[in-house]
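Residue-level listing of the chains:
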Amino acid sequence: MTAGTWLTDVRATPLRAQQWWVLTTRLIVPSVKTGEVLASILAPAAFTASFYIPLKTVMTFAGTGFSSYAQFMMPIVVLQAAAFTAISAAFRAATDSVAGLNRRFGSMPVGPLVPVAARMSGNIFRLAIALVTAIICGHVIGFRFRLDTVHTIGFLLLAMLIGVALMLGADVIGTVSRSPEATTQALVLPPLIFGMLSTGLAPAHQFPAWVQPFVRNQPVSQFAIGLRALAGDTLGNAGQVTLALMGPPLAWAIGILALCIPLTIRLSSRRA
């Protein structure tokens, strides 16, 4: 590497960081001023109420093996909050694409990965708010972290990892989309279908026998199983945090990232 190239790289690093900060601020500040960020607060509250109120009595009779239904269903609230944030991420990426912002950035001295990094930063900001709200709502209905601090941090990190994976995938879909509205409508169904046909709301054995293999092994169920193990339960039925139990949810999340990161880089490079 020549001295000139090295100096160029050194100067480019703070420039890219400044570009990222400006674009991130462009996404976060308006959402706070206009109240758009309230959706990240209201959505988890709505999910908690819509799942807990109608199902608590039924599941108390049916049984879940947990000390309370709140302890059992908390992971699906977290996962639905992450999915809702991912849908918003797809809408933002599609809006930028349709509005021509990606082409405009491509004609400017903006780093090829800076726009997507800024969008993801704004998404992570909303995801953090949604997760905090979900946990607060869970605490109101009786959810508690029953294990030590390390497991609690693991719960939060796994929730964030899942959320980031879903948001990055949604960002890729939104970037190649031609209609923000159609993209949003299309992405609403998968979380509902996978959420209802999962162990997030009821144990697998309560489903018909022919669908139980899908219910047990699909990603939402595996995510819920991992989150329950990290949260713990007083009856000891949440599962042990072992490689065998945590491997599948981590594999699903990392697999989504491994698929989407190259696609993100390719789309950003094509824009440049």
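Residues numbered from 1 in each chain as written. Predicted model: local features only at pLDDT ≥ 70, side-chain atom pairs only at ≥ 80, totals over all residues. Heavy atoms only, no water.

Per an unreviewed UniProt entry, the chain is named Antibiotic transporter, and its organism is Nocardia iowensis. Its UniProt record gives the chain a comment under Subcellular location (unreviewed entry), which states: "Cell membrane". (UniProt positions renumbered as here; feature names shortened; annotations may be inferred.)

1. Details of the overall build of the chain
Within the chain, the secondary structure is distributed over 10 helices and zero strands. Reading the chain from its N end, one meets helices and strands in the order α-α-α-α-α-α-α-α-α-α. In terms of overall size, the chain behaves like a compact globule, its C-alpha atoms giving a radius of gyration of 20 Å where 272 residues would be expected to give roughly 19 Å. With the C-alpha coordinates aligned to their principal axes, the bounding extent of the chain is approximately 70 × 40 × 40 Å. (Helix = DSSP H or I, 4+ residues; strand = E, 2+ residues; numbered from the N terminus. Rg over C-alpha atoms; globule rule 2.2 N^0.38 Å.)

2. Observations regarding the UniProt feature "transmembrane region" (unreviewed entry) in the chain
Under the present numbering, the feature "transmembrane region" (unreviewed entry) in UniProt falls on residues 35–53, 73–94, 127–147, 153–174, 186–204 and 250–268. Along residues 35–53 the backbone is 84% helical and 0% strand, and the end-to-end C-alpha distance reaches 27 Å.

3. Re the packing of aromatic side chains
Centre distance and the angle of the planes are the two values used to describe a pair of aromatic rings. Applying the stated criterion to the full structure yields 10 aromatic pairs. Residues phenylalanine 47 and phenylalanine 84 carry aromatic rings whose centres are separated by 6.5 Å and whose planes lie at 75 degrees to one another, so their mutual orientation is edge-to-face. Note that phenylalanine 47 is positioned in helix α2 (residues 38–62) and phenylalanine 84 in helix α3 (residues 69–98), a separation of 37 residues in sequence. A relative accessible area of 30% means that phenylalanine 84 is categorised as partly exposed. Centre to centre, the rings of phenylalanine 66 and phenylalanine 72 are 5.4 Å apart; their planes meet at 75 degrees, and the pair counts as edge-to-face. The exposure class of phenylalanine 72 is buried, given its relative accessible area of 4%. Over the ring of phenylalanine 66 we find arginine 228; its NZ or CZ atom is 6.0 Å from the centre of that ring. (Phe/Tyr/Trp six-rings, centres within 6.5 Å; stacked < 30°, edge-to-face > 60°. Buried < 20%, exposed > 50% of the residue type's maximum accessible area, 1.4 Å probe, protein only. Lys NZ or Arg CZ within 6 Å of the ring centre and 35° of its normal.)

4. Notes on a nonpolar patch on the surface
Side chains of Val188, Leu189, Leu192, Ile193, Phe194, Leu197 and Phe214 sit close together on the surface and give an oily, nonpolar patch of about 560 Å² of accessible area. Counting residues per element, the nonpolar patch draws most heavily on helix α7 (residues 180–196), at five residues. By secondary structure assignment, the location of isoleucine 193 is in helix α7. Judged by relative accessible area, which is 44%, isoleucine 193 ranks as partly exposed. (Patch = residues over 30% accessible without salt bridge, like charges linked within 9 Å, V, L, I, M, F, W, Y side chains within 5 Å. Areas by Shrake-Rupley, 256 points an atom, 1.4 Å probe, with all protein chains shown as cover. Salt bridge = Lys/Arg side-chain N within 4 Å of Asp/Glu carboxyl O.)

5. Digging into the environment of valine 211
Relative to the helices and strands, valine 211 is located in the loop between α7 and α8 (212–217). The sequence separation of valine 211 and leucine 197 amounts to 14 residues, and the corresponding C-alpha distance is 8.4 Å.

6. With respect to helix α9 (residues 219–231)
End to end, α9 covers 18 Å across 13 residues, agreeing with the expected 18 Å (1.5 Å per residue, within 8%). For α9, the buried fraction is high: 12 of the 13 residues fall into the buried class. Among all positions of α9, only Pro219, Val220, Ser221, Gln222, Phe223, Ala224, Gly226, Leu227, Arg228, Ala229, Leu230 and Ala231 are buried. A positive phi of about 80 degrees marks glycine 232, the residue just after α9. (Expected span 1.5 Å × (residues − 1).)

7. Side note on the pattern of salt bridges
Taken as a whole, this structure holds one salt bridge when the rule is applied. Aspartate 171 is the salt-bridge partner of arginine 119, the closest N and O atoms lying 2.7 Å from each other. Separated by 52 residues along the polypeptide, arginine 119 in helix α5 (residues 114–141) and aspartate 171 in helix α6 (residues 149–175) bring together distant segments of the chain. Classification of arginine 119 by relative accessible area gives buried; the value is 6%. On the basis of relative accessible area, aspartate 171 is assigned to the buried category, the value being 2%.

8. Let's talk about the packing of α3 against α6
Running from amino to carboxyl end, α3 crosses α6 at an angle of 30 degrees, the nearest separation of the two axes being 7 Å. The angle between the axes of α3 and α6 places the two elements in the roughly parallel class. Handedness of the α3/α6 crossing: right-handed. Judged by residue contacts, Val78, Leu79, Ala82, Ala83, Thr85, Ala86, Ala89, Ala90, Ala93, Ala94 and Ser97 of α3 engage Phe155, Ala159, Ile162, Gly163, Leu166, Met167, Ala170, Asp171, Gly174 and Thr175 from α6. Broken down by class, the residue content of the contact of α3 with α6 amounts to 15 nonpolar, five polar and one charged. (Axes fitted to C-alpha atoms, helices over the stretch in contact; angles between N-to-C directions. Parallel < 35°, antiparallel > 145°, perpendicular 65-115°, else oblique. Left-handed = near helix turned anticlockwise from the far one by under 90°. Contact = heavy atoms within 4.5 Å. Nonpolar A, V, L, I, M, F, W, Y, C, P; charged D, E, K, R; others polar.)

9. Overview of α5
In a regular helix each residue adds 1.5 Å, so 28 residues correspond to 40 Å; α5 covers 41 Å between its end C-alpha atoms and thus fits that length. Of the residues one or two after α5, glycine 142 is the one with positive phi, at around 120 degrees.

10. Comments concerning the side chain of glutamine 71
By the element assignment, glutamine 71 lies in helix α3. Among the polar contacts made by the side chain of glutamine 71, one reaches the main-chain carbonyl oxygen of arginine 144 at a distance of 2.6 Å. Each residue touching glutamine 71, except ones within four places of it in the same chain, is listed here: Phe66, Gly142, Phe143, Arg144, Arg146, Ala231, Gly232 and Asp233. (Polar contact = N/O pair within 3.5 Å; in protein donor to acceptor, adjacent residues only side chain to side chain.)

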